[in-house]
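So the chains spell out like this:
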Amino acid sequence: MSSTVIIGAQWGDEGKGKIIDIFAQEADIIVRYQGGNNAGHTIVIDEKEFILHLIPSGILREDKVCVIGHGVVLNPEAFLRELEYLKVNGVNVSGRVYISEMTHLIMPYHLYIDSASEKEYKIGTTMRGVGPAYEDKIGRHGIRAIDLLNMDMFKEKLKRNLKMKSHVLGNMFDYDQILEEYLMFGEILKEYIKDTTLFLSESLKNGKKLLFEGAQGTLLDIDYGTYPFVTSSNASVGGVCTGTGIPPNKIDKIIGITKAYSTRVGEGPFPTELHGEFGEEVRKKGNEYGATTGRPRRCGWFDAVALRYSARVNGFDSLVITKLDVLSHLETIKIGVGYKYKGQILNEFSHDLNVLNGCEPVYEELPGWMQDISGVRSFDEFPQQAKDYLKRLSDLTETKIDLVSVGAERTQTVWM
Ligand code: GDP
Ligand code: IMO
Ligand code: MG
């Protein structure tokens, strides 16, 4: 496979970091195509935990090149902090990270606007300025990485942005102060900024293997997600093409990642959410706390309706199921297989928030396996109930399963 995409199939935090790290073994270049440092991707190697927000998870494999595509919005300060974090933790990043020159920058005022609009809209954002940076991009007044290489352009854009924003923000932001800071960023970042669309397409021509790392998840996608309780980018497969310059006919394989149950952090509908003690129990067993904000994640049963929708809009060739081990203590496990709304059974995901908020999930119940599976390394070793559960997930989502994860460690994986 010369180019593979790995996409969150739920509301993010499916374990993309861990799985990207595994697939990165077989890749040459790992590419982020959307999102920003709202992401938090965890990789555990020999009990040492790394959390990455912006730089692709492939960076932990020594010989790999990592690209931040122009579909990403980049906070230069967060980028430099992450580079430093990697260096301090013994990762050699030299010559292995590129930033697309078309990447839009997160500016100090974006962070302020994010927190101010949260007071009104209550999406539960990560407050990283991601949404407002995309707003400026779509509004055609965003500032791009390439502008850091041409300070006249940068100055003009900054001046106009501050002028426009002063109608709402007053004179809260000082032109000279931002200019000084971003001049410094430009000096440091210039060695990373290049035409990555050309680099990626030539790399493909030269037989290199590309791996695209999704951030967030399909149900947080700006178009396909539970709008407006979504992030501001296309986390789904279309984002790969618009965010990196790789056309659809150069994508060979699309893999969806899902937990064996569901989680969501932030506001918005979640039909199979578990409330009370049971939800708390899953949260504890799964250590479901945000990798970026530390917020407790909302937990619930696997939602096969949502997953089938996610598989349809992305065209998943296969699935990776993570965190199966977290369900090991349960006597029975439920799977949401439909939504009951106003007396009707719905078998398809809905774009109507009233339906998603007001529906009663229809559940199927399967027996649990009630034993530790974190040491399982081949499909045959799984207890029969775990095999049956996986088979049911595959049947209901109409997608085959390639890989199952039974723990956070790099080694805790089972190929099917
Ligand atoms: P991402 O945003 O999709 O990369 O996922 P996060 O890193 O935010 O959250 C996934 C969490 O689950 C991390 O703490 C991982 O270390 C952990 N994790 C990943 N796979 C497994 C698994 O199979 N079992 C368990 N118990 N933990 C896992
Ligand atoms: P990874 O890549 C889970 C959620 C936020 C909020 C909504 C909008 O680790 O899976 P934003 O800051 O993007 O404007 O917030 O999206 N969100 C995530 N939830 N995992 C993520 O990333 C997320 N990134 C954003 O909680 O509900
Ligand atoms: Mg995460």
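Cut-off values and rules
Here, residues in each chain are numbered from 1, in the same order as that chain's written sequence. Written order decides the labels, with chains lettered from A and ligands numbered from 1. Whole-chain, interface and lining totals are the exception, using all residues; otherwise, since this is a predicted model, local features are given only for residues with pLDDT of at least 70 and side-chain atom pairs are given and counted only at 80 or more. Water and hydrogen atoms were dropped before computing side-chain values, which therefore reflect all heavy atoms in the structure. We call a residue near a molecule or strand whenever a single non-hydrogen atom of that residue lies within 4 Å of it. Counted as a polar contact is a pair of N or O atoms within 3.5 Å, where, for protein atoms, one must be capable of donating a hydrogen and the other of accepting one, and residues adjacent in sequence contribute only when both atoms are in side chains. Put simply, DSSP marks the helices as runs of H or I at least four residues long and the strands as runs of E at least two long, and each gets a number from the N terminus on. When residues are grouped by polarity, Ala, Val, Leu, Ile, Met, Phe, Trp, Tyr, Cys and Pro land in nonpolar, Asp, Glu, Lys and Arg in charged, and all others, Gly among them, in polar. A pair of strands is labelled paired if DSSP reports no fewer than 2 bridges between them. Each residue's exposure class comes from its accessible area (1.4 Å probe, protein chains only) as a fraction of the maximum for that residue type: buried when under 20%, exposed when over 50%, partly exposed otherwise. In this analysis a donor is any N, O or S atom within 2.8 Å of a metal ion (3.2 Å for sodium, potassium and calcium), and since water is not included, sites may seem incomplete. For helices, the fitted axis covers only the stretch in contact; all axes are lines through C-alpha atoms, and the angles between them, taken along N-to-C directions, range from 0 to 180 degrees. Should an angle fall under 35 degrees it is taken as roughly parallel, and over 145 as roughly antiparallel, whereas 65 to 115 is taken as roughly perpendicular and any remaining angle as oblique. Left-handed is the label given to a crossing in which the near helix is rotated counterclockwise from the far helix by less than a right angle, and right-handed is the label when the rotation is clockwise. Should any heavy atoms of two residues lie within 4.5 Å, those residues are considered in contact. A pairing counts as a salt bridge when a side-chain nitrogen of Lys or Arg comes within 4 Å of a carboxyl oxygen of Asp or Glu. Working definition: a ring pair exists when centres of Phe, Tyr or Trp rings (six-membered ring for Trp) sit within 6.5 Å. Plane angles under 30 degrees give stacked, over 60 give edge-to-face, the rest tilted. By the criterion adopted, a ring carries a charge over it if an Arg CZ or a Lys NZ lies within 6 Å of its centre and within 35 degrees of its normal. Per the annotation, domain bounds derive from an automatic or database assignment of domains. Buried area, as used here, totals the accessible surface that two parts lose on assembly, with accessibility defined by a 1.4 Å probe and the loss added over both. What the arc covers is the set of directions going from the helix axis to the C-beta atoms.

Caption draft 1: Local environment of the site of ligand 1. Near ligand 1, the surroundings consist of 19 residues, among which K16, G17, T42, D325 and S405 are the closest. Within the backbone of K16, an N or O atom sits 2.7 Å from an oxygen atom of ligand 1. D325 has a polar side-chain atom sitting 2.8 Å from a nitrogen atom of ligand 1. Counting residues per element, the ones that place at least two in the shell around ligand 1 are α1 (16–23) and β3 (41–45). Among the residues forming the shell around ligand 1, the class breakdown is five nonpolar, seven polar and seven charged.

Caption draft 2: Representation of the sheet that holds strand β2 (residues 29–32) in the model. Taken in spatial order, the 10 strands line up as β9-β7-β5-β2-β10-β1-β11-β15-β19-β20 in an open sheet, and their pairing is mixed. Of all strands in the sheet, those with a lone pairing partner are β9 (193–194) and β20 (413–415), marking the two edges. Sheet topology places strand β19 (residues 401–405) next to β20; three bridges connect them, and they run antiparallel. For L403, the partnering residue across the bridge sits in β20 and is W415.

Caption draft 3: Region of the structure containing unusual backbone geometry. Geometrically, the link from Y227 to P228 is a cis peptide bond, its omega value of 5° lying close to zero. Mapped onto the elements of the fold, P228 is located in the loop between β10 (210–213) and α8 (238–244). For E398, which is not glycine, the phi dihedral falls at a positive 55°. As for its position among the elements, E398 is in the loop between α12 (384–397) and β19. Since its relative accessible area comes to 64%, E398 is described here as exposed.

Caption draft 4: Main features of the coordination of the magnesium ion (ligand 3). Protein coordination of the magnesium ion (ligand 3) is provided by D13 (OD) and G40 (O), with donor distances spanning 2.0 to 2.2 Å. Here G40 lies in the loop between β2 and β3 and D13 lies in the loop between β1 (3–8) and α1, a separation of 27 residues in the sequence.

Caption draft 5: Examining the packing of helix α2 (residues 76–88) against helix α6 (residues 175–189) more closely. One can describe the packing of α2 onto α6 by two numbers: an axis separation of 10 Å at closest approach and a directional angle of 45°. By the angle between their axes, α2 is oblique relative to α6. Read as a crossing pair, α2 and α6 show a hand that is left-handed. Contacts from P76, E77, F79 and L80 of α2 reach α6 at E181, Y182, F185, I188 and L189. Its residues placed into classes, the contact of α2 with α6 shows seven nonpolar, no polar and two charged.

Caption draft 6: The arrangement of the environment of Q385 in detail. Checked against the element boundaries, Q385 lands in helix α12. Residue class for Q385 comes out partly exposed when judged on its relative accessible area of 29%. In sequence terms Q385 and L353 are 32 residues apart; their C-alpha atoms lie 35 Å from each other. Residues within four places of Q385 in sequence aside, it is in contact with P367, G368 and W369.

Caption draft 7: Region of interest: the pattern of salt bridges. Scanning all chains against the criterion turns up 19 salt bridges. Note that R392 is salt-bridged to E364, the shortest N-O span being 2.5 Å. With R392 in helix α12 and E364 in strand β18 (residues 360–367), this residue pair connects regions lying 28 residues apart in the sequence. Its relative accessible area of 27% is what places R392 among the partly exposed residues. Here D402 makes a salt bridge to K400, at a shortest N to O gap of 3.2 Å. Classification of K400 by relative accessible area gives partly exposed; the value is 47%. Connected through salt bridges with shared partners, the residues D13, K259, E288, R297 and K323 form a single ionic network.

Caption draft 8: Layout of the side chain of T196. With respect to the helices and strands, the residue T196 is situated in helix α7 (residues 196–205). Excluding residues within four positions of it along the chain, T196 makes contact with V67, Y98, I99 and S100.

Caption draft 9: Focus on the packing of aromatic side chains. Using the criterion set out here, one finds 13 aromatic pairs in the structure. Here the aromatic rings of Y109 and F173 are separated by 6.2 Å at their centres, their planes lie at 80°, and the arrangement is edge-to-face. Of this pair, Y109 sits in helix α3 (residues 108–121) while F173 sits in the loop between α5 (151–169) and α6, and the two are 64 residues apart along the sequence. Classification of Y109 by relative accessible area gives buried; the value is 1%. Over the aromatic face of F50 sits the side chain of K48, whose NZ or CZ is 5.3 Å from the ring centroid.

Caption draft 10: The domain arrangement of the protein chain, seen in detail. When its domains are assigned, the protein chain resolves into domain 1 (3–100 + 193–255), domain 2 (105–189) and domain 3 (258–415). Spacing between the C-alpha centres of domain 2 and domain 3 amounts to 38 Å. Across the contact, six residues belong to domain 2 and five residues belong to domain 3. On the domain 2 side of the contact with domain 3, G124, T126 and R128 bury the most area, a combined 69% of that side's loss.

Caption draft 11: Spotlight on helix α9 (residues 276–286). Within the sequence span of α9, burial applies to G279, V282, R283 and G286. Viewed along the axis of α9, the buried residues span an arc of 100°, placing them on a single side of the element. In α9, those exposed residues whose orientation departs by more than 90 degrees from the buried face are E277 and K284. In this fold, the buried residues of α9 make contact with β13 (298–300). A positive backbone phi angle near 50° is found at N287, which sits one or two residues after α9.

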